[in-house]
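# Descriptive analysis of the structure
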Amino acid sequence: MASTPELATIPIGTQAIRKVQIRILPYLFVLYVICYLDRVNVGIAALTMNQDLAITSEQFGLLTGIFFVGYFLFEVPSNLLLHKIGARIWIARILISWGVIATLTGFVQNVHQLYWARFLLGLAEAGYVPGVYLYLTYWFPKREQARAIALFLLGLPVSSIVGSPLSGYILDHVHWLGIGSWRWLLILEGIPPILFGFVTYFVLPSRPQEAGFLTTEEKEWIQTELKREEQERLRHRQYSVLETLTNGRVWHLILLYSGLMVGRYAMSFWTPQIIKSLSSGYSNTTVGLLVMIRA
């Protein structure tokens, strides 16, 4: 049976976790919806973009894949900088930079410029999802982290459900100023992360001690729990970078996750064109709705 002091801390801890879930997770969730949409909207844009820029299937495959080269190169450095500079400033920077690049992608004139835009978009976006994983460890004890990450990752299917019909609609109906609709698609969907970047700087606390929505007791409870877990980990075992990179279980998980991601993104980028090829009578809006059903 728990002692009286232990029982006394339970309401504080429960209340602290609930407040963090309500205040932090929905905001990060919305940002993930925007992030994933800007990452894969080129798949819908390709319905008219490929013809306008004379992009072959091989070139389209390269421009979708080159995004992940930039992403791969900057994931770890980005998280190191987030930890050093602070999540509020660094996540705001990530949002603004990827929004600017995503918007400018709408102005490319040839496939080679598009290669560079996608590569730079990967560099800019690289820190967001890994950064959120790290950021959540500043707020949630280990037993709560899996639930928090699962709620955050729900943004992925929601992005397809919301973004695919919206993107298809823009392709069919937005032809302002004589500019191609696929350009407007990239421009319009690149603006939200810029706006949210400025909002993030003012509303997202980097650490629990900066959170105005928590009481002093709740802040202390979170910090105490996280410190206790850290001490437990250090007592159990410390792994060097080399030990981590040579661990067979780590590579097993990497291969599993890589296979999952290859399949997911191949479907995300190519499904709109596959559906469009089934019938010339499908409008881009209809293609977007069918892609949404797949999600």
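Structural data are supplied above this passage.
This next bit is on helix α5 (residues 87–104). Between its terminal C-alpha atoms α5 stretches 25 Å, which fits the 26 Å expected from 18 residues at 1.5 Å a residue. Of the surrounding secondary structure, the elements contacted by the buried residues of α5 are α2 (25–40), α4 (57–85), α6 (111–125), α7 (128–136) and α10 (181–203).

Within the secondary structure layout, Arg-39 lies in helix α2. Counting along the chain gives 226 residues from Arg-39 to Tyr-265, while the straight-line C-alpha distance between them is 9.8 Å. Beyond its immediate sequence surroundings of up to four residues, Arg-39 is in contact with Phe-67, Tyr-71, Arg-118, Glu-125, Val-129, Tyr-265 and Phe-269. For Arg-39, the side chain forms a polar contact with the side chain of Tyr-265, separated by 2.6 Å.

Next up on the list: helix α8 (residues 142–153). With twelve residues, α8 extends 17 Å from end C-alpha to end C-alpha; this agrees with the ideal 16 Å at 1.5 Å per step. Taken residue by residue, α8 has Glu-144, Gln-145, Ala-148 and Phe-152 as its buried positions. Along the axis of α8, the buried residues cluster in a sector spanning 110°; they form a single face. Of the exposed residues in α8, those oriented more than 90 degrees away from the buried face are Arg-143, Ala-146 and Arg-147.

Let's shift gears to the pattern of salt bridges. It is possible for side chains of opposite charge to pair when their charged atoms get near one another. This model, assessed by the stated rule, comprises six salt bridges. Where Glu-125 meets Arg-39, a salt bridge forms, and the shortest distance between an N and an O atom there is 3.1 Å. Separated by 86 residues along the polypeptide, Glu-125 in helix α6 and Arg-39 in helix α2 bring together distant segments of the chain. With a relative accessible area of 0%, Glu-125 lands in the buried category. Of the charged contacts, one joins Arg-228 and Glu-225 as a salt bridge, the two residues approaching to 3.1 Å between their closest N and O atoms. With Arg-228 and Glu-225 both in helix α11 (residues 216–236) and three residues apart, the pair spans about one turn of that helix. Judged by its relative accessible area of 34%, Arg-228 is partly exposed. Here Glu-225 falls in the buried class, since its relative accessible area comes to 13%. What emerges from the salt-bridge pattern is a single network uniting Arg-143, Glu-225, Arg-228 and Glu-232.

Ranked by size, the top nonpolar core spans 73 residues in total, and within it Met-49, Trp-98, Tyr-128 and Trp-139 carry the most contacts. With nine residues, α2 is the largest single contributor of residues to this core. Setting aside residues up to four positions removed in sequence, Met-49 forms contacts with Val-42, Ile-55, Phe-60, Leu-114 and Trp-182.

Before going further, it helps to examine the packing of helix α13 (residues 248–278) against helix α14 (residues 284–294). The interhelical angle for the contact between α13 and α14, taken along N-to-C directions, is 130°, at an axis separation of 9 Å. Considering the angle they form, α13 stands oblique to α14. Handedness of the α13/α14 crossing: right-handed. Mapping the contact onto sequence places Met-267, Ser-268, Thr-271, Pro-272, Ile-275 and Lys-276 in α13 and Asn-284, Val-287, Leu-290, Val-291 and Arg-294 in α14. A class-by-class count of the residues in the contact of α13 with α14 yields six nonpolar, three polar and two charged.

Basis of the calculations
- Residues numbered from 1 in each chain as written.
- Predicted model: local features only at pLDDT ≥ 70, side-chain atom pairs only at ≥ 80, totals over all residues.
- Heavy atoms only, no water.
- Helix = DSSP H or I, 4+ residues; strand = E, 2+ residues; numbered from the N terminus.
- Expected span 1.5 Å × (residues − 1).
- Contact = heavy atoms within 4.5 Å.
- Polar contact = N/O pair within 3.5 Å; in protein donor to acceptor, adjacent residues only side chain to side chain.
- Buried < 20%, exposed > 50% of the residue type's maximum accessible area, 1.4 Å probe, protein only.
- Arc of directions from axis to C-beta.
- Salt bridge = Lys/Arg side-chain N within 4 Å of Asp/Glu carboxyl O.
- Core = buried A, V, L, I, M, F, W, Y, C linked by side-chain atoms within 4.5 Å.
- Axes fitted to C-alpha atoms, helices over the stretch in contact; angles between N-to-C directions.
- Parallel < 35°, antiparallel > 145°, perpendicular 65-115°, else oblique.
- Left-handed = near helix turned anticlockwise from the far one by under 90°.
- Nonpolar A, V, L, I, M, F, W, Y, C, P; charged D, E, K, R; others polar.

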